Every structure is written in C-alpha cells, then in structure tokens.
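# Topology and contacts: notes
Chain by chain, the residues:
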Amino acid sequence: KERPPFGDLALAPLLEAQVEIAVATGDLDTARRGAEALGAIAGTYTSPWLVASAALAEARVALLAGDLDAAAASSASAAAAWADLGAPYEAAVARSVLADAHGRAGRLASARLERQAAAAAFEAFGAVGQADRARALLADAPPDDAPSAPTTATFRLDGTVRTIAFAGTSASMRDLKGFRYLARLLADPGREVHVLDLVAVERGTLPTGRPGVVDPGQSGFGTSGDGALPALDEQARQAYQRRLADVDEDIEDARRDNDPARAELAQRDRDYLIAELSRAVGLGGRLRAVGGDAERARMAVAHTLRYAVDRLAEQLPALATHLTGSVHTGTYCCYRPDPLSNVVWSS
C-alpha cells in the first residue's frame, strides 16, 4: 500500500521515544536503528526541529556506545538548534545529555556548567521533576578537577590558508569568512562582540562611535529612516554573489576530490544563500524591507559561524566540539571556553 504524503513525519516522535527507551535499557542496536530512521526522516524533510531531534538521538546512541566526543558534538548541536527555535525545554534535555558526555569524559567543570544551565531552564519552564533530577545529579557529582597546564593551539592565517592546530592535530584549510569571525573571538576570550562590530572587523575596518555601533557604510548594513532596510542592498547583493562564487568553487573542489560530506555542507550553504536571495524579493520584483541591520547581521553571522565549525569538524573534530560548546552567538558573540580547558591561542 502506498504511504500517504508526509506519513513519515508521524513516526518521528515515536522514533524519538524508541531511542530514549532503548538507551535507558542499554539496547544499543535498537537505539541505533531508531536514530538512523529518524536521521533519514530529517534528511528528507529538512525541518530544523527534525534535524535537532535527529542530532539528539545520535548523541544518545554515541553516549551509549562510548563515543563521548561524538555524543558531546551532537548534543551541543541539538541544544543550539533548539535554542534558536525558541524551545527551552528541548534545549535543556540536550544540555543534560551534553553534561553526561562531558562528565564521562572527565570534563567535570563543563559537565557541571551544562547541568546547572539545564536545571535552571527546566525550573523556568515549570518542569520541576526534571529540575530536581538535574540538581540531584549535581549534588552527587565529584568535585571539579584542578586546572591543567596550558595547551597551546594555533589559528594562523598565511595568505589565503589557515594553519590550525588543536589537541595534537593540525590541518591547513582555505580561509573562510567564518574563520575570520572565529579569529576575532579567539583573540579575546570572554569578551562579547556586537555582530556589527564583528562584521566590520572581518572586512578590515574598525568600528567607531559608542560600543556596539558601526558606521553602516563600514559594516555593509544600512538603515532607512524608519529603522527598516531592504532585505538586500547593493553591497549585500554583491557580498552574496561573492559568497555564492566561493561556495560553487568549494562544491567543485569537493566533487573533484570525491568528498561527498564536504560537498553536502557546501550545498547546504548554497541553498541558504539562494533562499535568502529569494526571500528578499517581493511582488513585482521589489525588494522587501526587513528589520534592523543588527538583526540581519545576527542571523548571517550565526549561520556563517556554524558553517565554519562544520568544516572544521571534517578534519579537527575535537576543535569543532570545543568551539560548539564555547562560542556563543546572538546580537553579541563571545568565545567563552571552559575555565579548565586552559587553551592559549596563537595566531
């Protein structure tokens, strides 16, 4: 019998429950099958919610299988996605799994921070039982480890190539806009940088005026008299065209190197850019007006940083895991690493 349209979507919550129950009972095979099926549905319908659910299922399976780095990366990705979607309860569940991964890997300070954040989110949501369980786990947790000796890591730009080293692994990668954003954040851990300042510094200009304010001509984001702006002004249009050219080149390189994972990441970035271009045009070909320049910059910077971290995960998965848990995006972006990680960056 032919399956009705979107019939797979009804299976998604059942698969989520199947994975959770299988993990709780230690049934790795069943958990893995459920996670794979959920991942296939997420890949078919490309819903952000389904993608986050699939990432959490992958994290649960990886945790059960003992792949703690993969569990941390997938649960951090799920938590970030649900936070972007405005789903605090689901984000707290993902942070609880992330805390388990950090704790089993011996990253006790990180585990404590994630558990505290999850407990606070559960309580704010009204999930009292979940909040109590999170606090009970905090009370039973061993004390934090003493800080380790500083680890030197590298994020150096040589011409158009980045030399990157972290946790005993190094790689040379073509420079990306997201890498330039990361370089700015890594240079000043703990400092919050407004997205407009981040855009201006990446373009080689310095912000002027009071903190968080950039000359629109410098940043490439301009406002109209009422605080709204066209979804794409001429500068933005040119920037999208340059970015599309870079992504097309990246896709071609990946296909030439027979690297389907890299090609898929680049294709997602291309799809995003095309969607933004399409969204900017209204009836009759007129440009739509959108909210203020800071909001547009916030979305663009967050997406660009996620793409950069995804690229790093291909060659430096430990660094991608570290950055996923340490780089915070929003109107203000910040690199706030675990105090016990003790990483010193050189450029």
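The structure presented is a predicted model; accordingly, all values stated were derived computationally and were not measured. (Residues numbered from 1 in each chain as written. Predicted model: local features only at pLDDT ≥ 70, side-chain atom pairs only at ≥ 80, totals over all residues. Heavy atoms only, no water.)

## Details of the packing of helix α3 (residues 48–65) against helix α4 (residues 68–84)
Which entries qualify depends on this criterion: Axes here mean lines fitted to C-alpha atoms, for a helix over just the part in contact, with angles spanning 0 to 180 degrees between N-to-C directions. Helix numbers and strand numbers start at the N terminus; a helix is a DSSP run of H or I with at least 4 residues, a strand a run of E with at least 2. Under this scheme an angle from 65 to 115 degrees is roughly perpendicular, one under 35 degrees roughly parallel, and one over 145 degrees roughly antiparallel; angles in between are oblique. For any helix crossing, the convention is left-handed if the near helix is rotated counterclockwise from the far helix by under a right angle, and right-handed if that rotation is clockwise. Two residues qualify as a contact provided that any one of their heavy atoms is within 4.5 Å of a heavy atom in the partner residue. Three residue categories are used. Nonpolar comprises Ala, Val, Leu, Ile, Met, Phe, Trp, Tyr, Cys and Pro, charged comprises Asp, Glu, Lys and Arg, and polar comprises the others, including Gly.
At a closest axis distance of 8 Å, the pairing of α3 and α4 adopts a crossing angle of 155°. Classified by the angle between their axes, α3 and α4 sit roughly antiparallel to one another. In the packing of α3 onto α4, the handedness of the crossing is left-handed. Where α3 abuts α4, its residues Trp49, Ala52, Ser53, Ala55, Leu56, Glu58, Ala59, Ala62 and Leu63 lie against Leu68, Ala70, Ala71, Ser74, Ser75, Ala78, Ala81 and Trp82. Partitioning the contact of α3 with α4 into residue classes produces 13 nonpolar, three polar and one charged.

## Concerning the confidence of the model for the protein
The test is simple: Scored from 0 to 100, pLDDT reflects the predictor's confidence in each residue.
Averaged over every residue, the pLDDT of the protein is 76; residues scoring 70 or more account for 76%. Helix α8 (residues 177–186) holds the highest mean pLDDT among the elements of the protein, 92, whereas helix α10 (residues 216–219) holds the lowest, 36. Taken together, the stretch residues 1–6 has pLDDT below 50 and engages in two contacts with residues farther than four places along the chain or on a different chain. Segment residues 205–232: pLDDT under 50, and 66 contacts once partners within four positions in sequence are set aside and those in other chains are kept.

## A look at the packing of aromatic side chains
Definition in use: Ring pairs are drawn from Phe, Tyr and Trp, using the six-membered ring of Trp, whenever the two centres fall within 6.5 Å, and their geometry is named by plane angle: stacked under 30 degrees, edge-to-face over 60, tilted for the rest. Remark: exposure states derive from per-residue accessible area (1.4 Å probe, protein chains only) relative to the maximum for the residue type, with buried under 20%, exposed over 50%, and partly exposed in between.
Under the definition given, this model contains six aromatic pairs. Plain terms: the ring middles of Phe155 and Phe179 are 5.9 Å apart, the flat faces sit at 80° to each other, and that makes the pair edge-to-face. Highlighted residues: Phe155 in strand β1 (residues 151–158) and Phe179 in helix α8, separated in sequence by 24 residues. Taken individually, Phe155 and Phe179 each receive the classification buried, so the pair is uniform in this respect. These aromatic residues form a ring-pair network of at least three members: Phe155, Phe166, Phe179 and Trp345.

## Side note on the pattern of salt bridges
Rules: Salt bridge criterion: a side-chain nitrogen from Lys or Arg within 4 Å of a carboxyl oxygen from Asp or Glu.
Overall, the coordinates contain 13 salt bridges when judged by the stated rule. The closest approach of N and O atoms between Arg135 and Glu123, which form a salt bridge, is 2.6 Å. Of the two residues, Arg135 is situated in helix α7 (residues 128–140) and Glu123 in helix α6 (residues 108–125); the sequence distance between them amounts to 12 residues. You can call Arg135 partly exposed: its relative accessible area is 35%.

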